[in-house]
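Given next are the chains, with one letter for each unit.
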Amino acid sequence: MQFKLNMIRVNFLLLAALMFANTGFSQQTTNVTGKILDKETKETVPFANIVLKSASDSSFISGTLSDEQGIFLLEDVHAGSYLLEISSIGYTTYSKPEYFGSLSDFIDLGTIALSEVAQQLEEVVVTGKQSTVSGSMEKLTFASEDLQVTRGGTVLETLGSLPGLTVQDGKIQMRGSENVTILINGKQTALTGLDGQKSLDNIPASGIERIEVINNPSSKYTANGNAGIINIILKKDKNLGLHGKVDLNGGLGALTMRRENYPGIRPQFQRTPKINPSAAINFRKQSVNLFATGDYLFNQTLNKNEFVTRTYANGDIVNQQLKRNRTTHFITATTGLDWELGKQDLINVSGLFGREIIIDKGDQPFFTQDFSENTRLWQFLEDEVKTTAIGTVKYQHLFENKGHKLEAAFNYTFHQEDEKYFFDNIYPQFEGKDSFKLISDEHVYDFSLDYTQPGPHGKFESGLKVRYRDIPTNMTFQPGFNSPLDVSAGGWANYKEFIPAAYFNYLYEIQKLEIEAGLRLEYVDLVYEVNPDHPTYKTGGYQYFQLFPDFRMAYRLTDQLNLSLFYNKRVDRPREVDIRIFPKYDDAEIIKVGNPELSPQFTNHVELGLKRASLNGFLYFALYGKFIDGTITRISTIASSNNWIYNVFQNAGKSHLIGTDFIISRNWNESIKSDFNANIYQNTIDAYTVSVLYPEQQTIQIEGQSIVSGNLKLTNSVVLSPAFKFQVQGVYYLPDILPQGTISDRFSLNAGLNWDLLNGSSLSFSAQDILNTMYIQKQINGNGFSYSSVDYYETQKFMLGYHYKF
């Protein structure tokens, strides 16, 4: 604990020093386009000279020529004030002051008319062009080269290393909430979750090009996910010829044992191997681009190692351990082509296949208070196979003006979960053998139509989205002698979801002011059919038609200092697994159950931000508030027939989260960079009363909870030479509240390095939780019971990688 306190002091000392330093965001850019015409004849003026000069001193900034149709494009123009000059032999030079922002990827100046003159004008020769990285008011973007501490790791580990993002219970959290929507190349996929997030700890991160973190999504994105959106952009080479890459990553986890097993069970995994080879190939010739990738992950982990003490109002005390050794095989393959049908039309056809095999071997012994008696041993084998197939067809039409486009896409997804459990239920008096099988076949049909038209001061966006999902599920129980399984809760269920949506979004930018306003119209019709023999739940669902507005405004106080205001409304629809009617028995006496009577929760989000820009880094400071109605959470109860605990999803009423987010990046010199992030918030859940139906009907009253929580993250990057980069990161999580309880503070130290070799190859090394301090400690207080738990699941991992590009 003293080490953690010292780490906090170091972080705040650094923060205090950096607050007086010169800080800022990296420069943001846009692309400027237009069309040159003859004022009298209205004919195009080809090969006109377009020059962009600084408004302050008329120095040359950028230049280009118009093409045969009179269209020009100035790329990577920094936000700022300029003098635009256009000249061509036989015409009067056009000169006009302009301010270009960066909210839109393209700024369309429309038609510019040149007047003829009698005399010949000297030709202006274009001598240079600038290029820098681009950005956006709505998001933070992180390139793959900034992620050394997790290179060779999984998507979950990579996301958890970024400012503002944390990991809890195998899920990414953004500002204290796990309701994050994960996109791959701008689209939701079954691999990462169509109604939430899943399997992020098993997806390799080797193919990531960059990651976009969007705290305040605009209306063009799905309204689902109150915390925000993470968009993972995968690498694709578009150069002519044959190109590709080969990666081989391997390593070990859980090098040391943090706590010995309780007696009488099988050993826990140690020194767990991880192997991840991957390859990508790309061939481009003229108008056709072919690509394919392949990835294989073998990963053994100590997935869970939780020690629990349950205390009941009648004085009974139960000690237990849940140990789960997991072996995962994950194969993914993608292929596709981009076909340019002339200069203005593009078709993309792609397919993805994924197969994930998970083998869990678990042990759960139960003891009396003084450990004098082993009252029960629950052992299980889980054999789960997840199969995913995705087919996508995209069409893009580019209009004459740059950035003016129409895009249409159709996507079909098939995702199957084939899950089998085998249990040994061992008591001193008898032994029983039980099993169940769950099969789920998910079919998803997505259609989207998106239109973008840039203007001289921003752009207009609109579109349509339609989704239909059908998920038939069937649970079959095979009870043994004195079976503890609730066989009556099995059977079939069918999840059907229809979501049509339309959006409109407008971005406007002038010298001092940036505005983005949008509206998303969304209709949801969800039906959850339950077999009529289920003893508790019946067929149900919900419908709604909602408007989801968003608004952003930023005012430039100076060239380096911006003040911004954000508002949006978002929704968290219950995930299909949250409403599943089947109890899960991977924990024999703390049992999770879904609830088909769940309703969506709605969130209103406001944020006031301040950002400062200069050449040495960036600073962003925000005050934000999230106000949630219909909070979805798990409620723990006990049944009158036994002392088992049931965790059932419920709508808990109102809650809110008010906090501050501080991100600061400082380039000390060309070799050393520091990034610090502090997210501190007050998390409050109001008192509420719920009616729980499973395993028996009872009314539960829960007192209100409130705590100041958050996380601190410090990352230092060092360039020891042009070929050798090193990164070290410390993360500290403050205590937080859970439904009916709390989670304690925790700390992790991570490091990574990259060494560029000759001929396009490189070596990488990453180390996660070097000190092995990242365990989860919880305290839950329910009606008539309480329990405390400490989970020493695997967090320590060391990976070595070899990477080759050709």
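This one's a predicted model, so the numbers in the text were calculated from it and none came from an experiment.

J.: Whenever I open this one, the sheet that holds strand E1 (residues 29–38) confuses me. Can you help?
T.: Sheet strands pair by backbone hydrogen bonding; their relative direction is either parallel or antiparallel. Spatial ordering of the open sheet is given by E4-E1-E7, a layout of three strands whose pairing is mixed. The sheet is open, and its two borders are formed by strand E4 (71–78) and strand E7 (106–114), each paired with just one other strand. Each strand of the sheet is rotated relative to its neighbour by a mean of 25°, with strand direction disregarded. Relative to E7, E1 runs parallel, the two being bridged by seven bridges. Across the sheet, residue aspartate 38 finds its bridge partner in E7, namely leucine 114.

J.: Any chance you could explain unusual backbone geometry here in plain terms?
T.: The phi torsion of most residues other than glycine is negative, and most of the peptide bonds are trans. Geometrically, the link from tyrosine 694 to proline 695 is a cis peptide bond, its omega value of 0° lying close to zero. By the secondary structure assignment, proline 695 is in the loop between strand E34 (688–692) and strand E35 (698–702). A positive phi angle, close to 55°, is found at arginine 175, a residue other than glycine. By relative accessible area, arginine 175 is classed as buried at 1%.

J.: Teacher, can you tell me more about the packing of aromatic side chains here?
T.: Given two aromatic rings, one states the distance between the centres and the angle between the planes to describe the pair. Per the counting criterion, the structure on display carries 28 aromatic pairs. On the basis of an interplanar angle of 35° and a centroid distance of 5.0 Å, the ring pair of tyrosine 421 and phenylalanine 436 is categorised as tilted. One end of the pair, tyrosine 421, is in strand E20 (residues 405–426); the other, phenylalanine 436, is in strand E21 (residues 431–455), and 15 residues separate them in sequence. When its relative accessible area of 4% is taken as the criterion, phenylalanine 436 is described as buried. Chaining the aromatic ring pairs together yields one cluster made of Trp378, Phe380, Tyr421, Phe423, Phe436, Phe477 and Tyr585.

J.: Teacher, can you tell me more about the pairing of E35 here?
T.: In regular strands, side chains alternate between the two faces of the sheet. Alternating residues of E35 divide into Gln698, Ile700 and Ile702, all buried, and Thr699 and Gln701, none buried. Both E34 and E35 contribute to a ladder of five bridges, which runs antiparallel. The partner of threonine 689 across the bridge, within E35, is glutamine 701.

Definitions and limits used
Here the residue numbering is sequential within each chain, running from 1 through the sequence in written order. Confidence filtering applies because this is a predicted model: local features only for residues at pLDDT of at least 70, side-chain atom pairs given and counted only at 80 or more, and all residues used for totals across whole chains, interfaces and linings. With hydrogens and water set aside, each side-chain value is computed from the structure's full complement of heavy atoms. Strands qualify as paired when DSSP identifies two bridges or more between them. Secondary structure counts use DSSP, requiring at least four H or I residues in a row for a helix and at least two E residues in a row for a strand, with both numbered from the N terminus. Each axis is a line fitted through C-alpha atoms, taken for helices only over the stretch in contact, and angles between the N-to-C directions span 0 to 180 degrees. Only protein chains enter the area calculation, which uses a 1.4 Å probe; residues under 20% of their type maximum are buried, those over 50% are exposed, and those in between are partly exposed. Centre distance within 6.5 Å is the pairing criterion for rings of Phe, Tyr and Trp, where only the six-membered ring of Trp is used; planes under 30 degrees apart are then read as stacked, over 60 as edge-to-face, and the remainder as tilted.

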